[in-house]
Each structure stands twice: as structure tokens, then as C-alpha cells.
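This is what each chain is made of:
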Amino acid sequence: EELRMKSNQGERMQALMSTAELSAYLSVSPSYVRDRRANGDWMEGTHWIYLNPRNHKAGIRYIPALCLNWLLTQDQPEQHQTYIKNYQQRQNIAV
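The structure contained in this document is the topic of the report that follows. (Residues numbered from 1 in each chain as written. Predicted model: local features only at pLDDT ≥ 70, side-chain atom pairs only at ≥ 80, totals over all residues. Heavy atoms only, no water.)

The next point concerns the overall build of the chain. When helices and strands are tallied, the chain shows 4 helices and 4 strands. Within the chain, buried positions represent 36% of all 95 residues. Accessible surface for the chain amounts to roughly 6100 Å². Of this, 46% is attributable to carbon and sulfur atoms. (Helix = DSSP H or I, 4+ residues; strand = E, 2+ residues; numbered from the N terminus. Buried < 20%, exposed > 50% of the residue type's maximum accessible area, 1.4 Å probe, protein only. Areas by Shrake-Rupley, 256 points an atom, 1.4 Å probe, with all protein chains shown as cover.)

Spelled out as C-alpha cells, the structure:
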């Protein structure tokens, strides 16, 4: 089952990806994806979410656009923060 994030206005849909899907999309290993999450490079609620916040074993999904931008701009944190802000505005995500 494919999960999607839907904006309030329903104009855009952004597919959420599993660890395996994201690692294939970014051409990195699944452990690289898990390490970015574990060491805090990717923030919960911004780059990734728990499918069920009350049961972490239910799984995790990633927002591929934000993870890819981080990968491309990891040495430019201000640029990445601007991208996050713009992405959230486009998706009508309240922060």
C-alpha cells in the first residue's frame, strides 16, 4: 500500500517512502538511510515520520524530496532550511 501526504487543498501529493524505497531512490544503502535518521541529520516530523507514533514498530516513512535535498546540500545547512520552509509552505504543512 502506497502512502501519500496530501496538502490541505489537495493540489499536490507527495509519496512517502520506506527505508528500502528511499535507499534505492537515493542510490545509497538502507543503513545509510537509518544512520541519517539515528544521528539526527534527518529530523522526525520533517524528513521522516512514524506510521504510528504510539507504536514505533509499525514502521517509518520518509519524505523523499527533503531527504534528497539534504543529501545535495548537506554542506549548506541554511540552503536546506530554506528548502524545508518552502516545501512545507507548498504542501500547506503547519510548523
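This part covers helix 1 (residues 19–26). The set of residues buried in helix 1 consists of Thr19, Leu22, Ser23 and Leu26. The buried residues of helix 1 occupy an angular sector of 100° when projected down its axis, which confines them to one face. Within helix 1, the exposed residues directed more than 90 degrees away from the buried face are Ala20 and Ala24. As for helix 1, its buried residues are in contact with helix 2 (30–38), strand 4 (60–62) and helix 3 (64–73). Ser27 occupies a position one or two residues after helix 1 and carries a positive phi of about 60°. (Arc of directions from axis to C-beta. Contact = heavy atoms within 4.5 Å.)

Turning our eyes to something else, we now look at the side chain of Asn69. Mapped onto the fold, Asn69 is located in helix 3. Each residue touching Asn69, except ones within four places of it in the same chain, is listed here: His80 and Tyr83.

Here the focus is the pattern of salt bridges. Scanning all chains against the criterion turns up 1 salt bridge. Note that Asp41 is salt-bridged to Arg36, the shortest N-O span being 2.8 Å. For Arg36, a relative accessible area of 12% gives the class buried. (Salt bridge = Lys/Arg side-chain N within 4 Å of Asp/Glu carboxyl O.)

So, about helix 3. Helix 3 sits mainly inside the fold: 7 of its 10 residues count as buried. Considered for burial, the residues of helix 3 that qualify are Pro64, Ala65, Leu66, Cys67, Asn69, Trp70 and Thr73.

Looking now at the packing of helix 1 against helix 2. It is at 8 Å that the axes of helix 1 and helix 2 come closest, and there the two elements cross at 105°. Classed by the angle they form, the pair helix 1 and helix 2 counts as roughly perpendicular. Along the contact surface, helix 1 presents Thr19, Leu22 and Ser23, while helix 2 presents Pro30, Val33, Arg34 and Arg37. Taken together, the residues of the contact of helix 1 with helix 2 break down into 3 nonpolar, 2 polar and 2 charged. (Axes fitted to C-alpha atoms, helices over the stretch in contact; angles between N-to-C directions. Parallel < 35°, antiparallel > 145°, perpendicular 65-115°, else oblique. Nonpolar A, V, L, I, M, F, W, Y, C, P; charged D, E, K, R; others polar.)

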